[in-house]
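Okay, here's what each chain looks like letter by letter:
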Amino acid sequence: MKKLLLAGGAGFIGSHLVDRLLKRNDLDMLVVVDSLWTGRAENIDHIRDQRLVLVRSEVENFKSDFQFDEIFHLASPASPPVYMREPERTVSANLIGAMRLLKLLKKGGRICFASSSEVYGNPLVNPLPETYRGSVDCTGPRSSYDEGKRCTEALLFESNRVRGVDVRVARIFNVYGPRTRADDGRAVSNFIANALSGKPIVVHGDGLQTRSWGYVDDIVDGLERLFWLENFNHVGAVNVGNDREISVLEIAQYVAGLIPGTTIVHDEPAPQDPTNRRPDLTLCRRILPGWSCKVPYEEGLVRTLRWFEAKGEIGEMRATM
Ligand code: UDP
């Protein structure tokens, strides 16, 4: 029986992965380490499973008396306004966090890392294959996240090359869905939160910039398959995302259409906002045959909206406005 560690397990994607991990019957312990910086304990409150232990700690400072068979590193903010406010903490959670986690990995163990499409920066090719080395400004406002992810990838792949560590790296494209914080700051949650509280949706720039929006269940399915896979002999990161590319404005208009009376306004473009982002999924489809994003945004946005409504958090926000 295995001991597993999930850093960032109270977060948006991490908490969905906790649900999946606990369906496995080959573990006797799942330790979730989370600083609750952007994660929330309530994301895993519903779980009644004695194998689950939640430790509130920065991943960099986490201490353990024993080592783990499998480690999942999802401890990082992913919302641009959040990581742009706290760049040092963002680099530290990713990179120093990974250094700490490597020390806690058993010999012969596996480490899985949630990297990001942000490693490609503002891309000059479309779609993006893993072989594209990126167009990142290391002096730019998004650099703590982009370069934090890039350097963490470097550390992990070097650990594979030098010591043979089993390394799995998913480059995750835009994700949305239940358990996003209303104050997360990303497009979908902002649009829904604004519309539900009677405020206009704010689109940065003309809104013609595109993203490939993946519904969280589909993305976590992909992560589960990649991270659990036995006999994995690929060295390198794997794109995990939706390859249906949609403009920000189209998403805004769709959300506005779901909540009558919602208006859309435009403000300044966000600094160094990538103009497009779509994964090339050739490698992913080869490694994970049968996997794809199945939930179209038209359905995923409705499900996300229903979740926000059921939670009632936005109603509370409205009441305090
Ligand atoms: N965006 C927007 N209004 C918002 C939040 C985001 O127009 O309230 C835009 C943002 O400028 C970007 C896209 O939506 O072009 C996706 O932003 P998000 O923060 O969700 O993720 P990113 O892909 O930038 O990491």
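Residues numbered from 1 in each chain as written. Predicted model: local features only at pLDDT ≥ 70, side-chain atom pairs only at ≥ 80, totals over all residues.

## Description of the packing of helix α1 (residues 12-21) against helix α6 (residues 216-228)
- The interhelical angle for the contact between α1 and α6, taken along N-to-C directions, is 60°, at an axis separation of 10 Å. Here α1 lies oblique to α6, going by the angle between them. The way α1 lies across α6 gives a crossing that is right-handed. Where α1 abuts α6, its residues Ile 13, His 16, Leu 17 and Arg 20 lie against Val 216, Ile 219, Val 220, Leu 223 and Glu 224.
- Taken together, the residues of the contact of α1 with α6 break down into six nonpolar, one polar and two charged. (Axes fitted to C-alpha atoms, helices over the stretch in contact; angles between N-to-C directions. Helix = DSSP H or I, 4+ residues; strand = E, 2+ residues; numbered from the N terminus. Parallel < 35°, antiparallel > 145°, perpendicular 65-115°, else oblique. Left-handed = near helix turned anticlockwise from the far one by under 90°. Contact = placed C-beta atoms within 7 Å. Nonpolar A, V, L, I, M, F, W, Y, C, P; charged D, E, K, R; others polar.)

## Here's the deal with the pairing of strand β2 (residues 27-34)
- Two strands pair when backbone bridges link them, and strand β1 (residues 2-7) and β2 are joined in this way by six bridges, in the parallel orientation. If you follow Ala 7 over to β2, its bridge partner there is Val 33.
- For β2 and strand β3 (residues 52-56), the ladder comprises five bridges, and the chain directions are parallel. The residue bridging Val 31 from the neighbouring strand is Val 53, located in β3. (Pairing = 2+ DSSP bridges.)

## Notes on the nonpolar core
- Counting 71 residues, the largest nonpolar core has Leu 5, Leu 6, Ala 7, Ile 13, Leu 17, Phe 191 and Ile 251 as its most contacted members.
- Counting residues per element, this core draws most heavily on helix α5 (residues 187-196), at seven residues. (Core = buried A, V, L, I, M, F, W, Y, C linked by C-beta atoms within 7 Å. Buried ≥ 20, exposed ≤ 12 C-beta atoms within 10 Å, placed from the backbone.)

## So, unusual backbone geometry
- At the junction of Asn 126 and Pro 127, the peptide bond is cis and its omega measures out at 0° in the coordinates.
- The topology assignment puts Pro 127 in the loop between β5 (105-116) and α4 (143-163).
- One non-glycine residue, Asn 231, lies in positive phi territory at about 55°.
- With respect to the secondary-structure elements, Asn 231 resides in the loop between α6 and β11 (238-240).

## Digging into the UniProt feature "domain: NAD-dependent epimerase/dehydratase" (unreviewed entry) in the protein
- Sequence positions flagged by UniProt for "domain: NAD-dependent epimerase/dehydratase" (unreviewed entry) are, in local numbering, residues 5-241.
- Across residues 5-241, helical content stands at 32% and strand content at 23%; the span's end C-alpha atoms are separated by 24 Å. (UniProt positions renumbered as here; feature names shortened; annotations may be inferred.)

## Digging into the pairing of strand β4 (residues 68-73)
- Of all the six residues making up β4, five are buried; the element is thus mostly covered by neighbouring parts of the structure.
- In terms of strand pairing, β1 meets β4 through four bridges, oriented parallel. Within the sheet, the bridge partner assigned to Leu 6 lies in β4 and is Phe 72.
- As defined by bridge partners, β4 adjoins β5 across five bridges and the pair is classed as parallel.

## Some thoughts on the site of the ligand
- Around the ligand sit 13 residues, and of these Arg 186, Ala 187, Asn 190, His 204 and Ala 270 come closest.
- Among the elements of the structure, α5 and β8 (201-204) are those that each provide at least two residues to the shell around the ligand.
- In terms of residue count, β8 provides more of the shell around the ligand than any other element does, three residues in total. (Near = placed C-beta within 6 Å.)

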